[in-house]
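Residue-level listing of the chains:
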Amino acid sequence: MRATVIHAPHDIRVEEVPDPAVRRPTDAVVRVLKACICGSDLWAYRGEAARQAGQRIGHEFLGVVEETGSGVEGFAAGDLVVAPFVWSDGTCSYCAEGLTTSCPEGGFWGSVGSDGGQGEAVRVPYADGTLVKLPADAASDDRLLTALLALSDVLGTGHHAAVGADVTQGSTVAVVGDGAVGLCGVMAAKRLGAERIIALGRHTARTDIARRFGATDVVAERGEAALAAVRELTRGEGAHSVIEAVGTEQSMRTALDIVRDGGSIGYVGVPHGSASGVDLGVMFGRNIALRGGVAPVRTYIPELLPDVLDGTIDPSPVFDLSIGLDEVPAGYKAMDARTALKVLITP
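Residues numbered from 1 in each chain as written. Predicted model: local features only at pLDDT ≥ 70, side-chain atom pairs only at ≥ 80, totals over all residues. Heavy atoms only, no water.

For the rest of this paragraph, the subject is the sheet that holds strand β14 (residues 239–244). Reading across from one edge, β13-β12-β11-β14-β15-β16 is the order of the six strands in this open sheet, with parallel pairing throughout. On the outer flanks of this sheet lie β13 (217–219) and β16 (289–292), each paired with one strand and no other. If you compare each strand with its neighbour and ignore which way they point, the axes differ by 20 degrees on average. Alignment of strand β11 (residues 172–176) against strand β12 (residues 196–200), held across five bridges, turns out to be parallel. Counterpart to A174 in the pairing with β12 is I198. Contacts between helix α5 (residues 154–164) and the sheet are confined to β14, β15 (259–267) and β16, with β15 contributing the most and set at about 155 degrees to the helix. (Pairing = 2+ DSSP bridges. Helix = DSSP H or I, 4+ residues; strand = E, 2+ residues; numbered from the N terminus. Axes fitted to C-alpha atoms, helices over the stretch in contact; angles between N-to-C directions. Contact = heavy atoms within 4.5 Å.)

So, in structure tokens, the structure goes:
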């Protein structure tokens, strides 16, 4: 089959690789219908996250089950399924508590020795604990299928940030980051009942989506001007909840500066840079809570799936460029240059 591999920074290729096959009784093989490029993939693309030459890449996909191992009970060939970006066994204490990303048997697609999502097919370990079945008729609805793909990562990650930020009915929320996760954080805050949602971003195409997803205000300023703008919108107090969806030291400092005393920050931006930007003294003195991390998307999919299926929420607009598998290297270039928000791949 063909799959995307990374050889070096800025060297992404689509190559012939061995077909995936069932190795263990709990495995399934899924033929990929939709995949995408994640903002976090860019850290490897830019050389800021180490990868081995020839390693697979990509962690978001949905598709059709082609084969199952003898121990798989919940799925059969022909089932339409979505995969969260981490596989998990579904039986350990962490999985039982909903923290599937800490499963001792779990792992990330594209890690050494595993298939990546940006290919024609994927071997799925622990299929019963990992995959989620989708309605079969969704396969014929391209818009719905694209919206469902967001369940594999960005929608659940945005939701995780909103939960970590303690978004409640009637609250004021600020969102730092105008990428796909930040925009899904806006959607999640709206879904959880936020009354005012302030999106920080300078790119009109992205802030237009933020408004479509529920943002009531947009702050395009940066630095001190941005802090002043948020304070002005919140009677000088700051937001009850802040979603941090970037992962840089500056974005975390911004989140701390615009959160209200007694408020909460939900952080899901993959940390990168020399420091975190977190000042425990400031957090202590202002009673600020900080929660987040790697989103246990598998836990959130059953909660979010019905709202996607009935159209209550539609994350599909975050995909603004559609390509075939052979065009994946160009897709990385487009996202790296910020000429694309999130690239949809149809193998």
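Relative to the elements of secondary structure, V175 occurs in strand β11. According to the relative accessible area criterion, V175 is buried, its value standing at 1%. Distance from V175 to V122, taken between C-alpha atoms, is 34 Å for residues 53 residues apart in sequence. (Buried < 20%, exposed > 50% of the residue type's maximum accessible area, 1.4 Å probe, protein only.)

For the structure shown, the criterion picks out 21 salt bridges. A salt bridge links D27 to R123, with the nearest nitrogen and oxygen atoms 2.7 Å apart. Residue D27 is located in the loop between β2 (11–16) and β3 (28–36), and its partner R123 is located in strand β9 (residues 121–124); the two are separated by 96 residues in the primary sequence. For the pair shown, D27 and R123 are each scored as buried. With a closest N to O distance of 2.6 Å, R286 and D261 form a salt bridge. One end of the pair, R286, is in helix α10 (residues 280–286); the other, D261, is in strand β15, and 25 residues separate them in sequence. Using a relative accessible area of 45% as the deciding quantity, one classes D261 as partly exposed. Bridged by salt links that share partners, the residues R2, E120 and D326 form one connected network. (Salt bridge = Lys/Arg side-chain N within 4 Å of Asp/Glu carboxyl O.)

The subject of this paragraph is the nonpolar core. Ranked by size, the top nonpolar core spans 55 residues in total, and within it L148, L151, L155, I243, V308 and V318 carry the most contacts. Broken down by element, this core gets its largest block of residues, eight residues, from helix α6 (residues 180–191). Apart from residues lying up to four places away in sequence, L155 is in contact with A150, C184, M187, L304, V308, I313 and P315. Among the nonpolar cores identified, the runner-up in size contains 33 residues, and V30, V72, Y332 and A334 belong to it. (Core = buried A, V, L, I, M, F, W, Y, C linked by side-chain atoms within 4.5 Å.)

Quick look at the side chain of T172 now. One can find T172 in strand β11. The exposure class of T172 is buried, given its relative accessible area of 13%. Leaving out residues up to four positions away in the same chain, T172 has contacts with R196, I198, T234, A239, H240 and S241.

Turning our eyes to something else, we now look at α5. Buried residues dominate α5, accounting for 10 of its 11 residues. Along α5, the positions that sit buried rather than exposed are V154, L155, G156, T157, G158, H159, H160, A161, A162 and G164. Residues of α5 that are buried sit in contact with α6, β14, β15, β16 and α11 (297–309). Phi turns positive, to about 60 degrees, at D166, one or two residues after α5.

Once that is clear, we can look at α11. Between the first and last C-alpha of α11 there are 17 Å, a value that for 13 residues agrees with the 18 Å anticipated at 1.5 Å per step. Helix geometry: α11 is bent most strongly at E303, by close to 45 degrees, with proline P306 lying one to four residues after it. Residues of α11 that are buried include every one of V297, R298, Y300, I301, L304, L305, D307 and V308, and no others. Those residues of α11 hidden inside the fold are in contact with β6 (80–83), α3 (127–130), β10 (132–133), α4 (142–149), α5 and α6. G311 occupies a position one or two residues after α11 and carries a positive phi of about 85 degrees. (Expected span 1.5 Å × (residues − 1). Bend = angle between axes of the 7 residues up to and from the residue.)

Backbone-to-backbone hydrogen bonds pair the strands of a sheet. The strands run either parallel or antiparallel. Strand order across the open sheet formed by three strands is β2-β1-β4, with antiparallel pairing between neighbours. Strands at the two margins of the open sheet, each flanked by one partner only, are β2 and β4 (55–56). In this structure, strand β1 (residues 2–8) lies alongside β2, joined through six bridges in antiparallel fashion. Bridged to V5 within β2 is R13. With respect to the sheet, helix α12 (residues 328–336) is in contact with β1 and β2, its orientation differing from that of β2 by roughly 160 degrees.

Here the focus is the packing of aromatic side chains. Under the definition given, this model contains four aromatic pairs. Taking 5.3 Å as the distance between ring centres and 75 degrees as the angle between the ring planes, the aromatic pair formed by F61 and W109 counts as edge-to-face. Taken as a pair, F61 in strand β5 (residues 61–68) and W109 in the loop between β8 (107–108) and β9 lie far apart in primary sequence, 48 residues in all. Given the relative accessible area of 1%, F61 is considered buried. You can call W109 buried: its relative accessible area is 4%. (Phe/Tyr/Trp six-rings, centres within 6.5 Å; stacked < 30°, edge-to-face > 60°.)

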